[in-house]
Amino acid sequence: MQRHKVSQLLSSGSAGQKISVCGWVRSRRESKNFAFLVINDGSCQDTLQCVVDAGTPAFDLLPRCQTGAAVRIEGVLKESQGKGQAWEVHTSAIEVFGEADPETYPLQKKGHTLEFLRDIAHLRPRTNTFGAVFRLRSALAWHVHDFFQSRGFRWVHTPIVTASDCEGAGEMFTVTTMDLTKIKSSPGGAVDYSQDFFKKHAHLTVSGQLEGEFMAMGLGDVYTFGPTFRAENSNTTRHLSEFWMIEPEMAFATLKDNMALAEDFLKHLFAGAVKDCRPELEFLEKQYQTMKVDDLARLAESKFAHMTYTDAVAELKKAPVKFEFAVDWGIDLQSEHERYLTDVIFKAPVIVTDYPKGIKAFYMKQNPDGKTVAAMDVLAPRIGEIIGGSQREDRLDLLEGRMREMSLPVEDMQWYLDLRRYGSCPHAGFGLGFERLVQYVSGMGNIRDVIPCPRAPGLISF
Ligand code: ATP
Ligand code: MN
């Protein structure tokens, strides 16, 4: 018989239907006359309860159906007597694919801490929490594409290995095939990358933006969605060394268009999560009480707050709290400042614009005041920065001047300057850290719990 998924059976099963379902045993309860096997197959948050009558061949197999075992259940669907579930299975046959020794199976007991589960990243997708998080992650990724594709943005694939080093110098992972033991012993210290695979110093990308820009200069509206790597030594609950980033770039667009896009985008993602993952979100809300489904649904309909950096600094200076980092015009806002704006003042996401040019990237468009750039960060409650973006400097002389001021390798960046030499136009874009989004929507406290294999300083288990 063809295999049914639990999600199918629960949404469109019918009484008396013959079914065959495969999954992992979540729990087993036995009494004299019958037993219950509760099965989850990852297709949805819910489990399926299977009743096995004593005296049947299936009943004799129960000792092998330990928590965690993989089984196939055949039987008939019937309306459940118990509360909390609509259907249960009256079991006629069991096939045990793989047992799970209760003496050693790490998930034999419920109620493990997230820290414990992080150490068994290869088993945690079988838990309620991680099932919920990873189904949510998948749905959000789908809605990322859905949003952009329905608006005529093209998905472009920017390189993962790059030789451009003006974006995150010092934060990049080198890519090399050189024999490291030999490099170490080379006199003088300087590494001769002309001997390396690419004959240049190559790294893993920290952002696809610069390449996204040249694609936008031909295709109009584009977006990237791919892995990004940062070798920064940030051991926080919001930073990973490998994360996924979504970077739209629009030709013929200003900061205003960029803000509107970011707001529509996030709202589309919030609404999509509520539409497709309500059981997951309800589970996470009950379990962790950080993100409420109703709040998420409301956010999807609300207007985001806007404020300039200068106004934000004024607000923060008035704040009746003592920050660890003192606030003054010109500082980079710290997480505590961002969270004061979102969690205390607005209690919602807020878009902060027009930051001092000294703390922002070289490519951001300089404002007429000579002090600020057309930057925008979207800050989310609990998390802080979730999106960073800007209108790009489209004037050749100003861009080149800024690059020289910042001692960037102007000669290597001629291709980037060409975009301002030929057919330059106002354009803008932003980067959304996908895991920060999943973290925000799920309410998970640590970003390491929203990606299957988290990488962070000192953390790469396999
Ligand atoms: P932060 O100040 O929070 O470290 P950033 O300003 O360095 O972030 P950007 O270079 O603006 O980050 O990157 C765009 C987006 O990518 C950020 O808004 C954030 O959502 C995400 N992001 C940046 N660094 C990380 C990281 N190490 N782990 C996960 N997401 C990240
Ligand atoms: Mn940023």
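Residues numbered from 1 in each chain as written. Chains lettered and ligands numbered in written order. Predicted model: local features only at pLDDT ≥ 70, side-chain atom pairs only at ≥ 80, totals over all residues. Heavy atoms only, no water.

## Observations concerning the packing of aromatic side chains
Worth spelling out the cut-off: Any Phe, Tyr or Trp ring, taking Trp's six-membered ring, that has another such ring centre within 6.5 Å forms a pair; planes under 30 degrees apart are called stacked, those over 60 apart edge-to-face, and the others tilted. Numbering goes from the N terminus for both helices and strands, where a helix is a DSSP run of H or I of at least four residues and a strand is a run of E of at least two. We call a residue buried when its accessible area falls under 20% of the maximum for its residue type, exposed when it is over 50%, and partly exposed in between, using a 1.4 Å probe and counting protein chains only. Any Lys NZ or Arg CZ found within 6 Å of a ring centre and within 35 degrees of that ring's normal is scored as a charge over the ring.
Considering all chains together, one arrives at 20 aromatic pairs under this definition. Here the aromatic rings of Phe-323 and Tyr-340 are separated by 5.7 Å at their centres, their planes lie at 85°, and the arrangement is edge-to-face. With Phe-323 in the loop between α10 (309-318) and α11 (335-346) and Tyr-340 in helix α11, this pair connects stretches of sequence that are 17 residues apart. Assessed through its relative accessible area of 12%, Tyr-340 is described here as buried. The ring of Tyr-416 is capped by Arg-420, whose NZ or CZ atom sits 4.2 Å from the centre of that ring.

## Details of the site of ligand 1
Test applied: Near, as used in this document, describes a residue that has one of its heavy atoms within 4 Å of the molecule or strand being considered. Think of a polar contact as two N or O atoms within 3.5 Å of one another; within protein, one of them needs to be a possible hydrogen donor and the other a possible acceptor, and neighboring residues in sequence only count if both atoms come from side chains. Throughout, the Shrake-Rupley method with a 1.4 Å probe supplies accessible areas, and for residues the shown protein chains are the sole cover considered. As a working rule, the residues Ala, Val, Leu, Ile, Met, Phe, Trp, Tyr, Cys and Pro are called nonpolar, Asp, Glu, Lys and Arg charged, and the rest polar, with Gly in that last group.
Taken together, 15 residues form the shell around ligand 1, and within it His-239, Leu-240, Glu-385, Ile-386 and Arg-436 come nearest. Interatomic distance of 2.9 Å between a side-chain N/O atom of Arg-230 and an oxygen atom of ligand 1. Contact distances for ligand 1 include 2.7 Å between an oxygen atom and a side-chain N or O atom of Glu-385. Burial of ligand 1 by the surrounding chains reaches 79%, relative to a free accessible area of 580 Å². Elements with a minimum of two residues in the shell around ligand 1: β11 (242-251), β15 (384-391) and β16 (427-433). A total of four residues in the shell around ligand 1 trace back to one element, the largest contributor, which is β15. The residue inventory of the shell around ligand 1, partitioned by class, reads six nonpolar, four polar and five charged.

## Quick look at the sheet that holds strand β3 (residues 48-53)
Just so we agree on the cut-off: Strand pairing is assigned whenever DSSP detects at least two bridges linking the two strands. Axis lines are fitted through C-alpha atoms, for helices just across the contact stretch, and the angle between N-to-C directions can take any value from 0 to 180 degrees.
The mixed closed barrel is built from five strands, whose spatial order is β1-β2-β3-β5-β4. The mean angle between the axes of side-by-side strands here comes to 55°, regardless of whether they run parallel or antiparallel. Sheet analysis places strand β4 (residues 70-79) next to strand β5 (residues 87-98), joined by ten bridges and oriented antiparallel. In the sheet register, Ala-70 faces β5, and the bridge partner there is Gly-98.

## Section: helix α6 (residues 209-219)
As a reminder, the rule being used: Only heavy atoms enter the contact rule, under which two residues are in contact if any of them lie within 4.5 Å.
All of the buried residues in α6 are Gln-209, Leu-210, Glu-211, Gly-212, Glu-213 and Ala-216. In this structure, the buried side of α6 is in contact with β7 (161-162), β10 (221-229), β11, α13 (414-421) and β16.

## Points about the nonpolar core
So the rule is basically this: Only buried Ala, Val, Leu, Ile, Met, Phe, Trp, Tyr and Cys residues count toward a nonpolar core, and they belong to the same one when joined by side-chain atoms within 4.5 Å.
Grouped together as the largest cluster of nonpolar side chains are 68 residues, with contacts concentrated most on Phe-270, Leu-437 and Val-441. Ranked by the residues each element gives to this core, the list is headed by helix α4 (residues 128-150), at eleven residues. Aside from chain neighbours lying at most four places away, what touches Phe-270 is Leu-296, Leu-299, Ala-300, Phe-304, Leu-437, Tyr-440 and Val-441. Core analysis: the next-biggest nonpolar cluster, separate from the first, contains 31 residues, Cys-166, Phe-362, Val-373 and Tyr-416 among them.

## With respect to unusual backbone geometry
Backbone geometry at Lys-199 places phi at a positive 60°, although glycine is not the residue there. Within the secondary structure, Lys-199 is located in the loop between α5 (180-185) and β9 (202-204). Even without a glycine there, the phi angle at Gln-289 is positive, about 50°. Tracing the backbone shows Gln-289 in the loop between α8 (278-288) and α9 (293-299).

## As for the sheet that holds β15
Overall, mixed pairing links the eight strands, which are arranged β6-β10-β11-β16-β15-β14-β13-β12 in an open sheet. A strand with exactly one partner marks an edge of an open sheet, and here the two such strands are β6 (154-155) and β12 (305-308). Examined bridge by bridge, β12 and strand β13 (residues 350-356) share four bridges and lie parallel to one another. When the bridges of β13 are listed, Thr-308 appears paired with Thr-353.

Structural measurements only, silent on function.
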